[in-house]
Amino acid sequence: MDIAKKVSDNALVRAISDQSRVKNVGDNYIVRNLWGGIRSMVNDRMTAFYFGILVTILLMGVFGPMLAPYGVEEIHFDPQTGQMLRAEPPSLAHPLGTTFNGYDVLTRLLIGARPTVLTGIIGGGMILSIGTAIGVTAGYVGGRTETLLMRFTDFVYGVPLIPFGIVLITFLGVGFIPSIMVIGLILWRGAARVIRAQTLKVKQYPFVQVAKASGASTPHIIFKHILPNVAPMAVFFLSLGVGYAIMLQASLTFLGVADPFIPSWGVMIRNAFNSGYMSTAWWWSAPPGLLIAITVLATFMFGRGYEGGDSETANNAIAA
Amino acid sequence: MSSLRRYFAVRSVQTVMMLALVMTALFVLFRSMPGDFTAQMAASGANEEALQAIREQWHLDEPLYMQYYHYLANLVQGNLGESPVYRVDVWEFTKLRIFNTFILVAPAMTFTYVIGVAIGTVAGSNRGSAFERFGTVPIIGVGSSPAFFTAILLVIVFAVWLNLFPTSGMTSPGSTEGLAWWEPYLTRDFAAHYVLPFTAVVCRYLFIPTLIMRNSVVEVMGEDFTEYYRLTGLPTLTRLRHIAKHASIPVLTIYPVSLARALGGLVLIETVFNWPGIGFTLVEAVLARDYPTVQFVFFVVAAFVIVSNFVVDLVYGVIDPRIRLEG
């Protein structure tokens, strides 16, 4: 047998050559395990189906505004009579009808996908990063830090989101970004609890103990050993966080504490409700609402595809 | 001291501390608003007299620690001040609204739990069946849609298209004149107005007890004693009852949490139905910058959550002795 091949197969040699290799994002432990988490979910057919929905919504957010047949503020008139098309039912020119102001519903739906997707990404990202930071720190450092962080988490856990969100928004200023930030600043609580529990488990594994005994620094252990092992669970909470952020941002928008000039789906429902045409022009309020519901359902079912979750994880996630 | 008494004592102290923490958080939040506590109210048109009353009530011209002291003293004594928008004592006009909210949320959530636990037990004990795999999807689907959207759909279908129920409000306008405060709640008119908001709450939160019960039942079904029950030939229903008893502990724990979620979601449902509850009041007060009201209503919501957590912990300590030992 070729000796060179034998040598290169040796685990130690491989580990050393790994160190010298040019860093590639895909080789990163965290990225690899995250990817593994996604892959294990996609293997299941139902989960893959929901993943497909999520990808579709994401593509809608990216390309939606380019596909929109009309301008967002374009008011449509009847070519014969010259009158404004006020809450017209669906027709060939306007497949989803028009709004009270003569806007095309399909156009607004496609354009509204972008702020909605953005909400999910920012909100979900905040939930994930704050939750992981607090969970891992509490779990790994332990002691008084842990007590303090977890009591704080318990406190936030009892806070009713929408009332507190409204109060916080009056403080941060009404707007699109504050309405997402408020959600991120509260909803990390479920993730923090579960990731702390997971960290406590990983902390006991032999390789972490060995790393500690051989003098590895705390940041090194956290980034190299703890984070990669909580990453699959983080995917689960990212997925849920995206869904909750979209749903709650729409709720805050509906209450009038977000920017009404960014035409997200939540704003569409709010406009339909306030116009008084809600019950006659169902083609106006139903599509954005259904799209939000489908998106949130997909994130939830996709997250549930994560098999490693025990019942405590699930319960924390359900009542997030 | 017995372990149970010790547990109660520890939990009581924790609860009081949580309440104090909420009060402090509210104080910090409202005092760190840009400008004076009253500046924004003045900007939205409150008159000088009302502002002066607020300054006096909350001692806004004194140093911060004195303000804090007076704030706590006022809150503890139930001296809540006057709302600059409604020009009445905050307690006077919020008390009925608090009642309106609880008369909606408490029965609705209890009903949700009863139904959810039943569905969850059936789903969990028939693992892998079509019902378990697909039956819960619509429940999660409805739970995934924003509460206001579900409420709007209910209004469109049942109030406008089918014309079965009134679209909004708690009673028909003018029907409550000359009645004592509790009399409107006993009328048929109230019952008709009650159905849709009640349904909206149930639809929105049904997935919480259902999913948790399902997971819990699946877990308990995997334990040895359930297999033993099966071997002894107990009838299915009796067996399910035993399993449900074990499996209901997580559902019970999550009850106050989901009540808190429901109170939050109720803000939306009350807004859609124009239900005169505290959620509706809170939104109105925030938009009108009626801070004494916001402060109090928010405190009521938070206190309710904290106290119900405390009560469940006590019940929990009695039914499950393992909990007490952990303290």
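What you see is a predicted model, and the numbers here were worked out from it, not measured in a lab.

Rules behind the numbers
Residues numbered from 1 in each chain as written. Chains lettered and ligands numbered in written order. Predicted model: local features only at pLDDT ≥ 70, side-chain atom pairs only at ≥ 80, totals over all residues. Heavy atoms only, no water. Helix = DSSP H or I, 4+ residues; strand = E, 2+ residues; numbered from the N terminus. Buried < 20%, exposed > 50% of the residue type's maximum accessible area, 1.4 Å probe, protein only. Contact = heavy atoms within 4.5 Å. Areas by Shrake-Rupley, 256 points an atom, 1.4 Å probe, with all protein chains shown as cover. Domains from an automatic or database assignment. Buried area = accessible area lost by both parts, 1.4 Å probe. Salt bridge = Lys/Arg side-chain N within 4 Å of Asp/Glu carboxyl O. Polar contact = N/O pair within 3.5 Å; in protein donor to acceptor, adjacent residues only side chain to side chain. Nonpolar A, V, L, I, M, F, W, Y, C, P; charged D, E, K, R; others polar.

J.: Explanation requested: the overall build of chain B in the structure shown.
T.: Secondary structure assignment for chain B yields 14 helices and zero strands. Counting helices and strands in the order they occur from the N terminus, chain B gives α-α-α-α-α-α-α-α-α-α-α-α-α-α. Within chain B, the fraction of its 327 residues that count as buried is 50%. When contacts within chain B are restricted to residue pairs at least 6 apart in sequence, long-range pairs at least 24 apart make up 73% of them. Of the roughly 15100 Å² of accessible surface on chain B, 64% is carried by carbon and sulfur atoms.

J.: Looking at this model, I keep getting lost on the domain arrangement of chain B. Mind explaining?
T.: Accessible area lost on assembly of the parts is the figure often given for the size of an interface. All names here are of chain B. Looking at the assigned domains, one finds that chain B contains domain 1 (11-79) and domain 2 (98-326). On the side of domain 2, 14 residues touch domain 1, which itself brings 19 residues to the contact. For the pair domain 1 and domain 2, the summed buried area comes to about 1600 Å², and 77% of that belongs to carbon and sulfur atoms. Linking domain 1 with domain 2 are zero salt bridges, by the criterion used here. Summed over the shared surface of domain 1 and domain 2, the result is zero residue pairs in polar contact (both at pLDDT 80 or more). Of all the elements in the fold, those that place two or more residues in the side of domain 1 that touches domain 2 are helix H1 (3-31), helix H2 (39-43), helix H3 (48-58) and helix H4 (64-76). Broken down by element, the residue count for the side of domain 1 that touches domain 2 peaks at ten residues, all from H1. Of the residues contributing to the side of domain 1 that touches domain 2, the split by class is 13 nonpolar, four polar and two charged.

J.: Where do I start with the interface of chain A and chain B in this structure?
T.: Taken together, the 46 residues of chain A in the interface contact 49 residues of chain B. Taking both partners together, chain A and chain B bury about 4200 Å²; carbon and sulfur atoms supply 80% of that area. At the junction of chain A and chain B, the tally comes to zero salt bridges. Listed by contribution, the elements that provide at least two residues to the side of chain A that touches chain B are helix H4 (45-67), helix H6 (143-157), helix H7 (161-172), helix H11 (218-255), helix H12 (265-275), helix H13 (282-304) and helix H14 (311-318) of chain A. In the side of chain A that touches chain B, the residues fall into 34 nonpolar, nine polar and three charged.

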